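Geometric and topological summary
One letter stands for each residue in the lines below.
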There are 2 protein chains.
Amino acid sequence: MSANTNLLGFLFNPRSISLVGASHSTEKLGGAILKNLLKFKGRVYPVNPLYKNILGLKTYPSIKEIPEPVDISIIIRPAHETPEILMAHKGMAKCAIIISSGFAETGETQLQEDIKNIAKEAGVRVLGPNCMGVYNPYKRLDTFFLPDTLLKRPKKGNVAVTSQSGAILSSIFEAMRDANIGISKAVGYGNAIDIDEADLYGLIADDKNTDVVISYIESLGDGRRFIESAKNLSKKKPLIILKSGKGLSGQFAAYSHTGRLAGRYEVFSSILRQFGIKETEDFGSLIDSAKALAYQGQVEATLREDSLRGARGKGHEKISNRVLIITNGGGSGVLAVDECIRQGLDNAHLPQEKIKRLKEIFPPFYGINNPLDLTAQVKDEDYLLALNELKDDYDGLLIIALTGVRGITEKLGWMLKDFKSTTNKPIVVHAAAGATAKKIASILEKSKIPVYPSPEQAVRALKALLCCQDVSGYQNVRLSESKDNAFEILKNFIKTNKDKRAFLEHEVKGLLKNIGFPIPRGIFIAKDSRFSAVSHELSALSYPLAAKVSSSKIVSKTEAGGLRLGLKNETELENAVNELMNIKNSEGVLVEEMAAKGLEVIIGGIIDEQFGPVVMFGLGGVSVELFKDVAFALAPLEREDAEWLIKQIKGYPLLQGYRGQQPLDMDMLIEMIAKVSNLIATGLIKEITLNPAVLYPKGAMVLDAKMLAEAS
Amino acid sequence: MSANTNLLGFLFNPRSISLVGASHSTEKLGGAILKNLLKFKGRVYPVNPLYKNILGLKTYPSIKEIPEPVDISIIIRPAHETPEILMAHKGMAKCAIIISSGFAETGETQLQEDIKNIAKEAGVRVLGPNCMGVYNPYKRLDTFFLPDTLLKRPKKGNVAVTSQSGAILSSIFEAMRDANIGISKAVGYGNAIDIDEADLYGLIADDKNTDVVISYIESLGDGRRFIESAKNLSKKKPLIILKSGKGLSGQFAAYSHTGRLAGRYEVFSSILRQFGIKETEDFGSLIDSAKALAYQGQVEATLREDSLRGARGKGHEKISNRVLIITNGGGSGVLAVDECIRQGLDNAHLPQEKIKRLKEIFPPFYGINNPLDLTAQVKDEDYLLALNELKDDYDGLLIIALTGVRGITEKLGWMLKDFKSTTNKPIVVHAAAGATAKKIASILEKSKIPVYPSPEQAVRALKALLCCQDVSGYQNVRLSESKDNAFEILKNFIKTNKDKRAFLEHEVKGLLKNIGFPIPRGIFIAKDSRFSAVSHELSALSYPLAAKVSSSKIVSKTEAGGLRLGLKNETELENAVNELMNIKNSEGVLVEEMAAKGLEVIIGGIIDEQFGPVVMFGLGGVSVELFKDVAFALAPLEREDAEWLIKQIKGYPLLQGYRGQQPLDMDMLIEMIAKVSNLIATGLIKEITLNPAVLYPKGAMVLDAKMLAEAS
């Protein structure tokens, strides 16, 4: 049992509730809530100074007057009254659910900050403000201000819902009813000034009535706490996240001064992948997945543990994803295959001996492939024959039953129901609309076989089932500081440069060299030095050389015309150095040996607003900017995590020895990524970018590097 | 009226129908069809040698005995009987609909070929075989073998459906009923040995009952006829295509011997874009779009013509796509925005003066943005107020009404109905499930405002409506031969090389030079020449030089170790040439001047199985292979079409002067693409690939080129 459960165990299971703002009129929010609370099997204390009794319950003028401290106090009074009300909760309530709106979401950030501080002082945990509160049908607990007549509650079931938005929570409720799935717990947590998704996941992880969790998120507070909690929950039961505000991805935002590399949603999505937490694309898929998982997602804890243990040993392997499609309509089968390909599922061929066998069993015009096409001449029994022959050869089963043919009857429903009891394999059905289809669907869904109205939806649902068996994507969240020598060296470096935030290239490279990065040999010539003074030093370098302007004010050396490459002799070098010294804002010139050509990569470390230290990897050139081929991970990374990160990009094959070329030095790349991740994880800097570093079959070279310290 | 309409006008409007294989029993296909035909308002002649009378109709022993030649004869007899039956149709039927299966789809390709030939000889047009036939509720025409009890027909309406697959046609029927849309015409055309989508589009283009056409395609016959016909249809009414078998894209197939460049589905999809023909991703989107278009897709012919005329002048501009979202749930609004971004729609900001105005009208806690958030405190009237203020500033309107709040009632439905009569702007609604939502949806859908169960579906539907107003993507299909000097030069070239199919690099380059491509200066040294013999000629070239092995058997010079670059003097050159001569399969060595560095592009011409001559464009390096960043178009292309093609790839910004670099020579690139398109369009060659050509700020250079002639 986690600390959260101890602290917040009462949130879904309170013994007593007060309602500040109780009302007689169910037309008012305070009346609607009170009416819901009448069903609650615990003590309820309405608070309203104007009445002695509301809806038959003794009513109190203030929270201070009620006879006992309560587990939960619901507040539904205008926003400006909430500070005073909350203050009065000290010692009288463990938790306040502030339903009222009018806080940060309408620009009242100070008011929100105030109640946050008051809650802390008063020792009261807060859900909300601007929220729907909690719903637990197993305890008849319902704090929603929408009466059942307006928002029908789904039946009792095994799906827990957390939603930042009340609107989405309502939409999920309606959609769950339509999708024939039931609810175990629901929370709308609104502005989340205190209790957030991390707390809620902790609570739900051990809830015996919950088999599946779906979670709608708009914004995160502490990204690492969220990941830690989501990862723990995902180990125990399937969790699917729908994140809105993906739009920010379009802006590839400016919080990396080296530009155009990072965008909030990409970071979120990458990190979810890093820890094997499942994300869904849109509202429809959220519900479709939830339905499949609610029906069949109860993966044995041991299976999950196996998968988890296997993962660290085997590396991040693919899920078992061989899908068998049995259809009575060729076209629908092909659409399902298309979707399987999009979803990365494998329509593995039928085994040869099974083809032979099925050709004996079935008429010659049946298509004995995968999809297995039983044609419009199908009979109910054919599905069962095929399933029994083939089930052991596949990981997931998709049945397509187009019921507008004579051979498909209600009996198919009963047969599939019986079949299901013989196997643990995920099984989903696509049936078009129509009367027979509805009858079959009703039988199937009672037997926990989900039915979908399009082949593609059925495939996506099957994917959710196959994925939820797999927790091999999990890495441990390392919240510790970096472990190598980076911290000490970086600390000294920053100490000796104490007024600086941005550093010159040679300074950064000097640091990187100390930490063990491969850096070209070079000499920095300060603005006021004469060329002849460094001429002797320069003669130690081997031509051809490169000369680059150094300036904390120049963002792009190329765009500033600050690069001279392939300088062949001292004359060329001197001319180049003199020119570069005269560029506006020049603080000097860095002369370096030219590096051999190789594959350019970008390795970066940034401090993400939500996740803190994050490391980024992509190929150089246009891959990152035009093709958005970039991956992020929480820093610091160990070697195996760095290897995982490298494999996330589409350009990965280029590293492996593409088209007969030599494979590149993965060990070196892994080491550089791990080192950058350690640097950013120190917390001493705001950003570091190696762009580009060049990778060779043996070794690498950092061609350019930038770093920004934290503002002191 | 097109030729097709004349020829096939009777297909949806026959005066007389015979049914070969008529049966008493409606359990049998021949009985089910006859029962449907009883409702038909024309003459019906059952054919069956065993009976004189079936279901009350006089029955004939053979088609030859019926009293008049019929417009349509339906054949539902075992496949092996069809050749003889079809032969008997000569002079007795204009068109045979062969419902029977057992042809190419089960491997009986010879039988299919036979009936194709017989039909031609007999002068009978054929629909099918292995098909559902035709459905026209306006004539009570229904040849489907599925009785209404098994497959309920949708109501009469304005959507025409063509489907190669009977299964998908049935699924579409069921889905249309669910989506509350009606049908005007439907055809299931199966194996399409004669009548195909091109014929059907021609027929439907002028059908006054049809406003929208949806088309499910598995494979194409003549791609150019298809495109021509689809383009003509799209000019008159919205056409949406769902293509299955996208999976082939994964295989990036081997029908280009230079490898890994072309894949059938990418070609199909690119060419659809070239001509502005709309494609949809999956079954669900097909139905969602069809619903929106059936309700509001009747764009004035003049509007389409305007768009069409504008396009040729302005180039392929973006559609007008400013979308206003009005919601009463913040979360749903954000999900809608995410989908708008994915769909390339513009959530343009509210105009400043409207923000001011709305802040006066609405309570302070409403969110005055786009999405306009009316919150849970919304009242029906608020939507109308907002719409009237803002409708003129946007091209499309999305209303999100989450009905689980007190302020939304049935009245909202009536208000929106009235509002719709005041505007031509596309308008769609998302309402979650629930009782009030159902009532509102019923009112709205009667007024032709489509309602969707998720915000993302509503956005995609709105996209379909905005797109259908836009036909600016249309190019004219040029079926003519190429017009420049390429044909004559190529003809001569092939004549003088008459036994050859594959050519050596210097031969191809010689040809290209004659046609006006920029080619490096170079000299070919044949296998049996001595270096000293060409030494004088070589001295005319400027160092550094490149030496490359020449062989019709070596696919990749790099992988064969057949490249020596940057040779600085005669000694280096001689060594390189000698080495390359000794490579296995070497037929000689091409020595060329080194070209300057620039941006590498790939330009290819292939003969596509379905579309014939097709031109392909992509960037060199990894863009094509790893990022699949490649576009195709029907050849030949005129200059403006070539420019369109270039703009289709994600890497396009690189050509425009990326990050402060000089823009590259677009004129030259356009010219090279047009020339390659002319070469492949001659029909004299099978394939040509310039890979890479290098592009400079001024000019270009073809570094390597391959060509394959047609087998003679």
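Refer to the preceding data block for the structure.
As the structure is a computational prediction, the values presented were derived from the model and not from experiment.

Rotating chain B by 180° and moving it 0.0 Å along the rotation axis overlays it on chain A with an RMSD of 0.1 Å. Given the turn and translation reported, the copies of this chain are related as if by a two-fold rotation axis. Rotation axis and chain B: the residue whose C-alpha lies nearest the axis is Phe-627 of chain B, separated from it by 3.6 Å. Both copies share a contact surface, since 98% of the interface residues of chain B are interface residues in chain A too.

We now examine unusual backbone geometry. Residues other than glycine predominantly adopt negative phi, and peptide bonds predominantly adopt the trans conformation. The omega angle of the peptide bond from Ala-635 of chain A to Pro-636 of chain A is 0°, so this bond is cis rather than trans. For Pro-636 of chain A, the location among the structural elements is in the loop between β26 (630–634) and α22 (639–647). Cis geometry is adopted by the peptide bond preceding Pro-129 of chain B, which originates at Gly-128 of chain B and carries an omega value of 0°. Looking at where Pro-129 of chain B falls in the secondary structure, it is placed in the loop between β7 (125–127) and β8 (133–136). For Asn-130 of chain A, which is not glycine, the phi torsion reads 60° and is therefore positive. Inspection of the secondary structure puts Asn-130 of chain A in the loop between β7 (125–127) and β8 (133–136). The class of Asn-130 of chain A is partly exposed, set by a relative accessible area of 27%. In this structure, Arg-140 of chain A is a non-glycine residue whose phi angle is positive, near 50°. We classify Arg-140 of chain A as partly exposed; its relative accessible area is 47%.

On to the sheet that holds strand β20 (residues 522–526) of chain B. Strand pairing in a sheet relies on backbone hydrogen bonds, with the paired strands running either antiparallel or parallel. All names here are of chain B. Strand order in this open sheet of four strands is β20-β23-β21-β22, and the pairing throughout is antiparallel. The open sheet has two free edges, formed respectively by β20 and β22 (563–567), since each of these has just one partner strand. Neighbour-to-neighbour, the strand axes of this sheet turn through a mean angle of 15°, independent of strand direction. Note that strand β21 (residues 545–550) and strand β23 (residues 588–593) share six bridges and pair antiparallel.

When the parts come together, some accessible area is lost, and that loss is often what is quoted as the size of the interface. Of the residues lining the interface, 63 residues belong to chain B; the matching set on chain A comes to 64 residues. When the two sides are added together, the surface that chain B and chain A hide from each other amounts to roughly 5300 Å², 59% of it contributed by carbon and sulfur. Of all residues in chain B, Arg-406, Phe-627 and Arg-659 of chain B give up the largest surface area on contact with chain A, accounting jointly for 14% of the area buried on that side. Across the chain B-chain A interface, the total number found is six salt bridges. With a closest N to O distance of 3.7 Å, Glu-281 of chain A and Arg-342 of chain B form a salt bridge. Connecting chain B to chain A are twelve residue pairs in polar contact (both at pLDDT 80 or more). Broken down by secondary-structure element, the contributors of at least two residues to the side of chain B that touches chain A are α2 (29–37), α5 (166–178), β13 (239–243), α9 (283–296), α11 (330–342), α16 (455–468) and α21 (623–627) of chain B. For the side of chain B that touches chain A, the element with the highest residue contribution is α11 of chain B, accounting for eight residues. For the side of chain B that touches chain A, a count of residues per class yields 25 nonpolar, 19 polar and 19 charged.

This brings us to the packing of aromatic side chains. To describe a pair of aromatic rings, one takes the distance between the centres and the angle between the planes. Under the criterion given, the structure shown has 23 aromatic pairs over all chains. A centroid spacing of 5.1 Å and a plane angle of 45° characterise the contact between Phe-362 of chain A and Tyr-366 of chain A, whose relative ring orientation is tilted. With respect to burial, Phe-362 of chain A and Tyr-366 of chain A carry one shared label: buried. Judged by centre distance (4.4 Å) and plane angle (10°), the rings of Phe-627 of chain A and Phe-627 of chain B are stacked. Of this pair, Phe-627 of chain A sits in helix α21 (residues 623–627) while Phe-627 of chain B is found in helix α21, placing the two residues in two different chains. Assessed through its relative accessible area of 7%, Phe-627 of chain A is described here as buried. Members of the aromatic cluster, joined through ring pairs, are Tyr-201, Phe-226, Tyr-265, Phe-268 and Phe-611 of chain A.

If you trace the backbone, Asp-207 of chain A turns up in the loop between α6 (197–205) and β12 (212–217). If near-sequence neighbours (up to four positions away) are discounted, Asp-207 of chain A is found in contact with Ser-184, Lys-185 and Lys-237 of chain A.

Before going further, it helps to spend a moment on the sheet that holds strand β18 (residues 427–430) of chain A. One open sheet holds the five strands; their spatial order is β16-β15-β17-β18-β19 (chain A), and the pairing between them is parallel. The sheet terminates laterally at β16 (372–373) and β19 (451–452) of chain A, the two strands that pair on one side only.

Another point: the environment of Gly-333 of chain B. Residue and element names in this part refer to chain B. Along the chain, Gly-333 turns up in helix α11. Looking at Gly-333, the relative accessible area reads 0%, which means it is buried. The spatial distance from the C-alpha of Gly-333 to the C-alpha of Glu-360 is 22 Å, given a sequence separation of 27 residues. Filtering out sequence-adjacent residues up to four positions away, Gly-333 remains in contact with Ile-325, Thr-327, Pro-371 and Ile-400.

All names here are of chain B. In the contact formed by helix α6 (residues 197–205) and helix α7 (residues 223–236), the axes pass within 8 Å of each other and the chain directions differ by 20°. Relative to α7, α6 is oriented roughly parallel. You can see that α6 and α7 cross each other, and the crossing is left-handed. Residues Glu-197, Ala-198, Asp-199, Tyr-201, Gly-202, Ile-204 and Ala-205 of α6 lie in contact with α7, whose contacting residues are Arg-225, Phe-226, Ser-229, Ala-230, Leu-233 and Lys-236. Across the contact of α6 with α7, the residue classes break down as seven nonpolar, two polar and four charged.

Definitions and limits used
Residues numbered from 1 in each chain as written. Chains lettered and ligands numbered in written order. Predicted model: local features only at pLDDT ≥ 70, side-chain atom pairs only at ≥ 80, totals over all residues. Heavy atoms only, no water. Least-squares fit on C-alpha atoms with pLDDT ≥ 70 in both. Contact = heavy atoms within 4.5 Å. Helix = DSSP H or I, 4+ residues; strand = E, 2+ residues; numbered from the N terminus. Buried < 20%, exposed > 50% of the residue type's maximum accessible area, 1.4 Å probe, protein only. Pairing = 2+ DSSP bridges. Axes fitted to C-alpha atoms, helices over the stretch in contact; angles between N-to-C directions. Buried area = accessible area lost by both parts, 1.4 Å probe. Salt bridge = Lys/Arg side-chain N within 4 Å of Asp/Glu carboxyl O. Polar contact = N/O pair within 3.5 Å; in protein donor to acceptor, adjacent residues only side chain to side chain. Nonpolar A, V, L, I, M, F, W, Y, C, P; charged D, E, K, R; others polar. Phe/Tyr/Trp six-rings, centres within 6.5 Å; stacked < 30°, edge-to-face > 60°. Parallel < 35°, antiparallel > 145°, perpendicular 65-115°, else oblique. Left-handed = near helix turned anticlockwise from the far one by under 90°.

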